[in-house]
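Structural overview for review
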Amino acid sequence: MARSNTTEVLRAHCAAIAEEEAVLREGGGKAGHERQRKWGRLPVRERLLQLLDRNSPFFEIGLWAAYKMYDQWGKIPAAGVVAGIGNVEGVPCMIVANDATVKAGAFFPATTKKVIRAQRIAFECALPLIYLVDSAGVFLPMQDEIFPDEDDFGRIFRNNSVISAAGIPQFAAIMGNCVAGGAYLPVLCDKILMTQGSGLYLAGPSLVKAAIGQVVDAEELGGARMHSEISGTVDFFEKDDPSCLKRLRSLVALLPEAKASGGCDSRGPHALPKPAKNPDTVYDLINFDGRKNYDVRDLLATVVDENSLDEYKADYGKTLVTAYARIKGQPVGIVGNQRMQVRTKKQGIQMGGVIYSESADKAARFVMDCNQTSLPIIFFQDVSGFMVGRHAEESGIIRSGAKLVNAVSNSVVPKITVIVGGSFGAGNYALCGKAYDPRFIVAWPNARYAVMGAAQASDTVFSILAKARERGDKKASPEELEELRSKVKQSYEEQTDIRYGAARGWVDAIIQPHETRNVLIRLLSYVSRPMPKARFHTGVIQT
């Protein structure tokens, strides 16, 4: 009965996350959608439906961006921009589409971060980029957090130039406002489309009047007709959204990849090898609070192809499982935390979810071997951290941990990280956390992210302050110290919620546990594309 209850708690939490995501996908809601239609424009997700291949899956990135980050300015669902990968004429493309129903598509700090992340993924996976531009530009009240730094607004245009020079196709469709510095984005792309009624200018009519006293209407200043007939900036004038999206599809169909694939989505579910276990059984393995022990091999059996798992050094360094496997026939290397308590001849009993020195040594060697044979690596994180204490230090845990971090840092094969539970401390680093360049990093709804757990953090703070009091600090009473410990614990619990991390771009997406295999099949198809080779030239420059 107890097991059933914990399963239901997790399922309920997962369902709640899915409901929240449905609300985020509504953007500015009914009123915003009606406003778009009043302008003769489609809401952003209807644009995507017309752009993408029919029944093509869309892997969305950063849906939780800006979640509860800018409450003083209202709700900013998905940071006002939709980003993700989907097929257009059979070609996987990165789509970045402003949602004008959210603050007129204005850029907040999280918006910029999300777009830069999408560009980086596209560059590293050599994915064509399609921008659906409909934005009022920088959100001026926060310009100091958006404008000047190396990871701010200007980085987007720098990336446009580098991506173009690398030979990766970029398409921009101006389907609404495109003003001020944001106007550089489409002009730095290979091909520019623009719909009637849209505007492209460095300064709008009001600012032009204030700056130089010139009176000019929006169409004369930067309308689609002017740019297609006079300035020559726009390559394709389109009467409306449907014709613009149809043109985009026809342009993508000219790419060599589209011809190779026959211009359609050739994937079929009948070709999928089956996993050993039903993916839905993951809910019987884990629980919401992360305290339940489970064999990570049972989890892997729901993800990898049946009878494809060959475990590497199965009897050594048992708190990490390293294995070769296939996912829909694609060979991969896997590194995952073993959550069961294990017994070793050298160390005796070892706790699940903890990295010991021999586990780190094994994983480092495995990562090097995957690079030697060009295998993508998938990391499954459910880690409490590295082992601590006198015996751990004597075993060289710092040296072994550094070896694993070094191997992961210098790995050149594609890396994908799935956070299925805890992601704490240096364990996050060693198992390819965000700082170690995973091509994609996704998390389950029950995942937790922090330098340490809430209980450990609150106990540590309490211990430090209590010792200070013993040394003569009489300012804090035991009651006050206990209250502080409670506040620290509450704060940590809030910050370890995966939605907190997703809002800040620490993960690309929150995925449902039973969908992990299908998500990885798509991601592996994206990362299998060759990396672009650097060469000096300017790319496409508009004349």
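Residues numbered from 1 in each chain as written. Predicted model: local features only at pLDDT ≥ 70, side-chain atom pairs only at ≥ 80, totals over all residues. Heavy atoms only, no water.

Considerations on the side chain of Asp 508
To be explicit about the condition: For the purposes of this entry, the term helix denotes a DSSP run of H or I that reaches at least four residues, the term strand denotes a run of E that reaches at least two, and both are numbered from the N terminus. Categorising residues by exposure relies on relative accessible area from a 1.4 Å probe, with only protein chains included: less than 20% of the type maximum marks a residue as buried, more than 50% marks it as exposed, and the intermediate range marks it as partly exposed. Polar contact criterion, stated in full: a pair of N or O atoms within 3.5 Å, where within protein one must be able to donate a hydrogen and the other to accept it, and residues adjacent in sequence count only if both atoms are side-chain atoms. By the convention used here, residues are in contact when the closest approach between their heavy atoms is within 4.5 Å.
Within the secondary structure layout, Asp 508 lies in the loop between α20 (498-503) and β20 (509-510). Asp 508 gets classed as buried once you look at its relative accessible area, which sits at 2%. Among the polar contacts made by the side chain of Asp 508, one reaches the side chain of Arg 117 at a distance of 2.9 Å. Excluding residues that lie within four positions of it along the chain, Asp 508 makes contacts with Glu 60, Ile 61, Gly 62, Leu 63, Arg 117, Ile 121, Arg 439, Phe 440 and Ile 441.

What about the pattern of salt bridges?
Just so we agree on the cut-off: A pairing counts as a salt bridge when a side-chain nitrogen of Lys or Arg comes within 4 Å of a carboxyl oxygen of Asp or Glu.
On inspection of all chains with the given rule, the structure shows 25 salt bridges. A salt bridge links Asp 437 to Arg 120; its shortest N-O distance comes to 2.4 Å. In this pair, Asp 437 sits in the loop between α17 (425-430) and β18 (440-443) while Arg 120 sits in helix α4 (residues 109-125), placing the two residues 317 residues apart along the sequence. In this structure, Arg 297 engages Glu 311 in a salt bridge whose closest nitrogen and oxygen atoms are separated by 2.8 Å. Pair noted here: Arg 297 is in helix α13 (residues 296-300) and Glu 311 is in strand β9 (residues 310-312), with a separation of 14 residues, a long-range link. For Arg 297, a relative accessible area of 29% corresponds to the partly exposed category. The class for Glu 311 is partly exposed, based on a relative accessible area of 25%. Several salt bridges converge on common partners, so that one network encompasses Glu 21, Arg 25, Arg 45 and Glu 60.

Things to note about the packing of aromatic side chains
Under the convention used in this document: Only centres within 6.5 Å qualify two rings of Phe, Tyr or Trp (six-membered ring in Trp) as a pair; their planes then separate them into stacked at under 30 degrees, edge-to-face at over 60, and tilted for everything else. Only lysine NZ and arginine CZ atoms are considered, and such an atom sits over a ring when it is within 6 Å of the ring centre and within 35 degrees of the ring normal.
Here the structure, examined in full by the defined rule, presents 15 aromatic pairs. When the centroid spacing of 5.2 Å and the interplanar angle of 75° are considered together, the rings of Trp 73 and Phe 139 count as edge-to-face. Of this pair, Trp 73 sits in the loop between β1 (59-61) and β2 (81-88) while Phe 139 sits in the loop between β4 (129-135) and α5 (153-165), placing them 66 residues apart in sequence. A centroid spacing of 5.6 Å and a plane angle of 70° characterise the contact between Tyr 449 and Trp 506, whose relative ring orientation is edge-to-face. In this pair, Tyr 449 sits in strand β19 (residues 448-450) while Trp 506 sits in the loop between α20 and β20, placing the two residues 57 residues apart along the sequence. Classification of Tyr 449 by relative accessible area gives buried; the value is 9%. Taken together, the aromatic side chains of Tyr 70, Trp 73, Phe 108 and Phe 139 make up a single cluster linked through ring pairs. Above the face of the Phe 237 ring, Arg 225 is positioned so that its terminal group lies 3.9 Å from the ring centre. If you follow Arg 504 out to its NZ or CZ, it ends over the ring of Tyr 500, 3.6 Å from the centre.

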